[in-house]
Amino acid sequence: MEHVPPPAEELARLDRELAELDARRAQLLTRRAWLLAALRPPAPTAAPGWNPSAWGAPAAGRPGAPAQPWGYVPPKQPSAPRSAQNVLLTLGGLLLTVAAIAFTLVSWGSMGIGGRSAVLAAVTVGALAAPAVLLRRGLTATAEALAALALVLTLLDAYAVHAVAAPDTDGLGFTAVAAAVLATLWTAYGLALGKLHLPLPAAVVLAQWPLLFGAWAAGAPALVVGWALLATAVLDGAIALWGKGTGARVTACVGGSVMAFSALVVGLALSVTASGPLGALAPGVLLLTAAAAALAGAWRAPRGFARAGGVVAGLAVVAAVGGVPAAAVPEGWRVLVYLLAGLAPAAVVRTRLPRDAAIGVLVASAAVVAGTLVGALPGLTAVLLGPVTLLSDVWAGSPEGFRSAVGSTLPWSELAATPVVLALVAGLLGAAYRWWPSLARIAAPLIAREGPGSGGKPESAGAAAYGAGPAGAPGTGTPEAGGAAAPGVSGAPWYAGGAPAARRRPSGAALRGAAGAGAAVLGWGALLLSGAVVDVPYAVAVAGETLLVAGLLALAVRGAGSGRDGSAAVPVTALVVALAAAVSTGLLSLASEGASYAVFGALTALFAGAAVRAGAGVERAVFAVAATVGGTVLTGFAGRSLGLAPHEAAPLVLVVPALTVLFGARLRRNPVALPLELTGALGALVAVGLAVPDAAFLALVLALCGVLAAGAAVRPERRPVAGYLAAALFVLATWVRLAASEVSFPEAYALPVTVPALVVGFLRRRKDPEASSWTAYGPGLAATLLPSLAVAWSDPDWQRPLLLGVAALVITLLGARYRLQALLLLGGSVLALDGLHELAPYVVQVAGALPRWLPPALAGLLLLVVGATYEQRLRDARRLKDALGRMR
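For clarity, every value in this text was computed on a predicted model and none was experimentally measured.

The helix and strand tally for the protein chain stands at 36 helices and zero strands. Expressed as a percentage of the 888 residues in the protein chain, the buried residues total 38%. Considering only intrachain contacts with a sequence separation of at least 6, the fraction spanning at least 24 residues in the protein chain is 66%. Total accessible area on the protein chain is roughly 48,200 Å²; 71% of this is exposed by carbon and sulfur atoms.

Written out as structure tokens, the structure reads:
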């Protein structure tokens with residue numbers, strides 16, 4: 001009898017077939033367009049250049065031509081005359097250079113002094129004079145090649161003069177003089193022959209060494225070497241700003257960067273290693289001079305270079321100003337001195353320094369502050385993660401102090417200034433958050449120098465950009481503001497919508513929120529780290545950390561639900577930090593039984609109170625989840641205090657999941673209900689894990705979990721998941737109980753359940769033919785097949801596997817005959833696993849007898865066959881999926 005699908009299923013099938021026809025039609029139209037384009041006569045090709053057709057785009061000059069496949073390589077074209085000329089000139093210049101070097105090093109000694117001088121003079125003069133003649137004839141490339149040869153010859157001349165005329169002269173000193181002479185010569189040569197590109201960059205390279213090698217040759221101290229490097233960097237900066245030719249300016253820029261960096265490194269090293277304030281003065285002067293030079297260059301440099309110069313100047317000023325007092329304080333307190341020095345460059349906002357240079361100075365100040373904060377990370381990490389070591393020895397006894405509880409070997413005496421640093425930065429960020437409009441008005445002159453488009457009121461525009469306007473005024477950017485200035489209006493702030501800068505820069509409210517969040521985090525870190533530095537008693541440390549959690553929760557609750565703009569940064573940060581602090585405090589309390597109960601009880605109460613006080617939202621759900629976790633931990637503590645084994649304490653852990661079910665019924669569709677119940681479910685999973693070592697307790701815990709799931713299934717919104725989960729837990733508890741009782745014939749208990757379940761399923765299908773076979777027959781079949789399969793895998797006899805295989809085969813055939821998905825899949829799976837169990841010993845024997853190369857060969861052959869028939873296999877898989885989908 002032919003199966004006639006229902007109307008809904010037939011309509012879905014027709015829709016799929018029509019979609020396939022539409023896709024095929026689109027493919028054919030695309031192919032037709034390609035063929036029409038290929039038949040068109042080719043248009044004249046464009047000039048040689050980059051050919052986008054190699055990437056699948058139409059070729060230049062043929063907009064309608066078909067695209068070439070990716071990886072297409074066009075036929076090679078003959079080399080252009082200019083390219084061939086450059087190759088020939090380069091090879092010729094290299095050969096002449098090699099010949100000159102070989103002559104100087106090998107044949108030099110066989111000639112007299114006159115011959116040597118004549119040869120060198122003639123060749124060098126000829127190489128220097130030839131480019132001038134060639135330039136007049138228009139042979140620029142040839143002139144460049146001979147100029148390069150002349151450069152090498154002048155270097156060889158210098159070597160030859162030192163080797164013959166002044167062999168006893170110091171090598172470094174002679175090199176310094178020779179580099180100065182050659183730099184002057186090539187500067188004059190490059191200015192005389194302005195069309196040549198090589199001489200001026202070569203002169204810049206030669207100019208890098210006279211002062212450095214001269215100071216080195218004179219045995220000057222490191223400070224003099226630093227001054228030589230700085231003087232060279234200043235010369236490079238002047239060339240980069242006012243030099244002639246792009247090559248010379250780029251070379252000077254690179255050389256100046258290297259020399260300036262080297263000078264700063266020398267000055268910083270001398271300042272840090274100075275024996276006292278007087279010893280740090282001279283390096284400080286060097287650093288201040290470098291800062292002045294960097295600012296002078298930044299005043300005229302383009303945007304990127306100006307900011308880089310500002311950064312260098314700011315760092316140099318901090319190192320110079322902070323190095324003198326830092327040399328007079330203990331080593332552990334130097335970070336505080338440099339922090340105070342790093343705050344000083346912030347005054348640049350009130351100067352007339354160009355905007356880009358001022359921003360660079362502010363970046364340097366921020367980098368110094370961030371560097372001082374990075375130094376606090378080891379201490380904070382030790383305080384937060386150190387209590388993890390207490391997990392291996394819970395309730396071993398209260399340690400003497402905070403440091404012993406943390407278990408870290410850090411040199412705490414050297415971290416004495418770290419809490420002060422954190423507190424100072426936290427105070428500054430907090431002040432910025434509190435008086436943000438005033439801070440914006442102070443920074444208004446800097447913002448007003450943003451450039452064109454700021455309108456005719458730079459002061460108001462700059463202040464509005466950071467929220468310096470009146471509270472509640474549009475465009476202020478403060479949390480009380482009603483909006484921002486409209487895009488495109490004269491004087492609009494840079495964060496106004498619609499402008500490209502709005503996607504790159506944060507708003508004033510976001511910056512203010514970041515300042516408040518940073519103040520909260522750093523203030524908490526300062527208080528936390530101060531306890532470890534002072535080494536307070538253990539009880540004081542535990543109480544103090546608990547109070548810190550309470551304060552953070554109060555801050556999070558106060559600003560909960562304040563929105564998604566910058567004003568929400570403070571409560572969200574406080575919430576995250578409160579969670580981290582709660583985990584650290586809980587771990588710290590594990591050293592003492594009393595402290596554990598006190599801390600986790602207080603944390604549970606605090607988070608529960610925060611969940612009650614917070615408004616509806618994510619924050620409230622997080623508070624509720626944290627309170628649930630704390631309560632679960634308390635039940636575990638109760639089991640340990642009662643002397644119960646882990647599996648014996650498992651039922652006690654289910655108290656909190658039971659409470660979450662009750663609270664879920666009370667909250668119903670409240671957004672907090674689902675996270676709360678899921679956390680309770682995780683607690684129940686922990687209880688199951690604790691009960692695994694003992695089968696009897698595991699069955700009890702599974703049954704209790706089934707009761708909780710059944711209680712949750714009473715609610716309509718939880719019934720689709722909780723109902724099936726309850727049934728599965730009850731069945732699993734039953735079989736675990738039977739296994740604990742060492743039942744060897746599970747069929748005696750399963751068949752009395754299976755037969756009535758199948759009868760009920762048959763009656764259900766008879767009443768409702770559209771009912772799923774999984775609902776009707778799945779539970780009854782699984783109740784017998786799965787336990788029997790589990791026992792058959794460990795049964796050494798053949799009777800049970802045979803009977804199970806026959807039953808599974810019959811069920812599979814019935815499923816195929818009546819198109820019942822549950823019967824087909826359950827019966828087929830059990831039959832396959834049962835057959836695999838029976839054939840496994842023989843497969844192992846055959847595999848051991850085969851050559852070792854045969855399994856990989858067979859696997860490779862199988863992959864080849866599948867790959868060759870890949871499309872057919874996909875169609876077969878789709879047909880199988882559709883056939884299974886049509887079953888009930």
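The subject of this paragraph is the nonpolar core. Counting residues in hydrophobic clusters, the biggest one holds 62 residues, and the most contacted among them are Phe402, Trp412, Leu422 and Phe623. Here this core gets nine residues from one element, more than from any other, and that element is helix H21 (residues 538-558). The contact partners of Phe623, leaving out residues within four places of it in the chain, are Leu553, Ala556, Val557, Leu575, Phe607, Ala610, Ala611 and Ala614.

On to a nonpolar patch on the surface, then. The grouping of Trp798, Leu802, Val806, Val810, Leu814 and Tyr818 at the surface amounts to a nonpolar patch, some 620 Å² of accessible area in total. Judged by its relative accessible area of 44%, Leu802 falls in the partly exposed class.

Further remarks concern the packing of aromatic side chains. According to the stated counting rule, one finds eight aromatic pairs in the structure shown. Note on Trp186 and Tyr189: the rings are 5.2 Å apart at their centroids and 80 degrees apart in plane angle, and the pair reads as edge-to-face. Residue Trp186 and its partner Tyr189 are both found in helix H5 (residues 171-192); the two are separated by three residues, about one turn of the helix. In this pair, the class of Trp186 matches that of Tyr189, namely buried. Pairing Phe607 with Phe623 gives two aromatic rings, centres 6.4 Å apart and planes at 45 degrees, and the pair type is tilted. With Phe607 in helix H23 (residues 593-613) and Phe623 in helix H24 (residues 618-641), the pair connects residues that are 16 residues apart, well separated along the chain. Members of the aromatic cluster, joined through ring pairs, are Trp395, Tyr597, Phe600 and Phe637. The ring of Tyr818 carries the charged tip of Arg817 above its face, separated from the ring centre by 5.2 Å.

On inspection of all chains with the given rule, the structure shows six salt bridges. One salt bridge in this structure joins Arg718 and Glu677, with 3.0 Å as the shortest N-O distance. Taken together, the residues span a long stretch of sequence, with Arg718 in the loop between helix H28 (695-713) and helix H29 (719-740) and Glu677 in helix H27 (residues 673-691) at a distance of 41 residues. Judged by relative accessible area, Arg718 falls into the buried class, the value being 18%. By relative accessible area, which is 13% here, Glu677 ends up buried. Between Glu717 and Arg715 there is a salt bridge whose closest N-O contact spans 3.1 Å. Given a relative accessible area of 5%, Arg715 falls into the buried group. Here the residues in one salt-bridge network are Glu677, Arg715, Glu717 and Arg718, joined through shared partners.

Let's shift gears to the side chain of Thr232. Of note, Thr232 is situated in helix H8 (residues 222-242). At a separation of 2.9 Å, a polar atom in the side chain of Thr232 contacts the main-chain carbonyl oxygen of Ala228. Among all residues touching Thr232, those that are not within four sequence positions of it are Ala207, Gln208, Leu211 and Met259.

Where H23 contacts H24, the axes come no closer than 8 Å and their chain directions differ by 155 degrees. It follows that H23 is roughly antiparallel to H24 by the angle criterion. Handedness of the crossing formed by H23 with H24: left-handed. Contacts from Glu593, Ser596, Tyr597, Phe600, Gly601, Thr604, Phe607, Ala608, Ala610 and Ala611 of H23 reach H24 at Arg620, Phe623, Ala624, Ala626, Ala627, Gly630, Gly631, Val633, Leu634, Phe637, Ala638 and Ser641. A per-class count over the contact of H23 with H24 returns 14 nonpolar, six polar and two charged.

So, on to unusual backbone geometry. If you check the backbone angles, Trp395 has positive phi at about 60 degrees while not being a glycine. Mapped onto the secondary structure, Trp395 falls in the loop between helix H14 (377-385) and helix H15 (402-406). For Trp395, a relative accessible area of 17% gives the class buried. Residue Asp535 is not a glycine yet carries a positive backbone phi of 60 degrees. Tracing the chain through its elements places Asp535 in the loop between helix H20 (508-534) and H21.

It is worth spelling out the environment of Trp227 at this point. Here Trp227 shows up in helix H8. For Trp227, a relative accessible area of 32% gives the class partly exposed. Sequence separation of Trp227 and Leu286 is 59 residues, and the distance between their C-alpha atoms is 6.9 Å. Setting aside residues no more than four positions away along its own chain, Trp227 makes contact with Val285, Leu286 and Thr289.

As a further point, take helix H10 (residues 277-300). With 24 residues, H10 should cover 34 Å at 1.5 Å per step; its first-to-last C-alpha distance of 35 Å lies within 8% of that length. Of the positions making up H10, those classed as buried are Ala280, Pro283, Gly284, Leu286, Leu287, Ala290, Ala291, Ala294 and Ala298. Where the residues of H10 are buried, they touch H8, helix H9 (246-272), helix H11 (303-326) and helix H13 (355-374).

A word on helix H34 (residues 821-849). Between its first and last C-alpha atoms H34 spans 40 Å; for 29 residues at 1.5 Å apiece the expected length is 42 Å, and the two agree. The largest bend in H34 is about 45 degrees, located at Leu839, with the proline Pro841 one to four residues further on. Regarding H34, the residues found buried are Gln821, Ala822, Leu823, Leu824, Leu826, Gly827, Val830, Asp834 and His837.

What follows deals with the confidence of the model for the protein chain. If pLDDT is low for a region, its predicted coordinates should not be looked at in detail. Mean pLDDT for the protein chain: 79, with 81% of residues reaching 70 or above. Scored below 50 in pLDDT, residues 44-82 shows 29 contacts in the model against residues more than four places distant or in partner chains.

Here we come to the packing of helix H25 (residues 646-653) against helix H26 (residues 655-667). Relative to each other, H25 and H26 sit at 15 degrees, their axes nearing to 5 Å. As far as their axial angle goes, H26 and H25 are roughly parallel. The segment H25 lies against H26, with Pro651, Leu652 and Val653 engaging Val655, Val656 and Pro657. Of the residues assigned to the contact of H25 with H26, the class counts are six nonpolar, no polar and no charged.

Okay, the environment of Ala687 next. Following the sequence through the fold, Ala687 ends up in helix H27. Under the relative-accessibility criterion, Ala687 is labelled buried at 0%. As a C-alpha pair, Ala687 and Ala649 span 38 residues in sequence and 8.1 Å in three-dimensional space. Beyond its immediate sequence surroundings of up to four residues, Ala687 is in contact with Ala650, Val653, Leu654 and Val701.

Once that is clear, we can look at the environment of Ala147. Along the chain, Ala147 turns up in helix H4 (residues 140-164). The spacing of Ala147 and Pro131 is 16 residues in sequence and 6.5 Å in space, taken between C-alpha atoms. When near neighbours in sequence (up to four residues on either side) are disregarded, Ala147 contacts Pro131, Trp186, Leu196 and Leu198.

Calculation criteria
Residues numbered from 1 in each chain as written. Predicted model: local features only at pLDDT ≥ 70, side-chain atom pairs only at ≥ 80, totals over all residues. Heavy atoms only, no water. Helix = DSSP H or I, 4+ residues; strand = E, 2+ residues; numbered from the N terminus. Buried < 20%, exposed > 50% of the residue type's maximum accessible area, 1.4 Å probe, protein only. Contact = heavy atoms within 4.5 Å. Areas by Shrake-Rupley, 256 points an atom, 1.4 Å probe, with all protein chains shown as cover. Core = buried A, V, L, I, M, F, W, Y, C linked by side-chain atoms within 4.5 Å. Patch = residues over 30% accessible without salt bridge, like charges linked within 9 Å, V, L, I, M, F, W, Y side chains within 5 Å. Salt bridge = Lys/Arg side-chain N within 4 Å of Asp/Glu carboxyl O. Phe/Tyr/Trp six-rings, centres within 6.5 Å; stacked < 30°, edge-to-face > 60°. Lys NZ or Arg CZ within 6 Å of the ring centre and 35° of its normal. Polar contact = N/O pair within 3.5 Å; in protein donor to acceptor, adjacent residues only side chain to side chain. Axes fitted to C-alpha atoms, helices over the stretch in contact; angles between N-to-C directions. Parallel < 35°, antiparallel > 145°, perpendicular 65-115°, else oblique. Left-handed = near helix turned anticlockwise from the far one by under 90°. Nonpolar A, V, L, I, M, F, W, Y, C, P; charged D, E, K, R; others polar. Expected span 1.5 Å × (residues − 1). Bend = angle between axes of the 7 residues up to and from the residue. pLDDT = per-residue confidence, 0-100.

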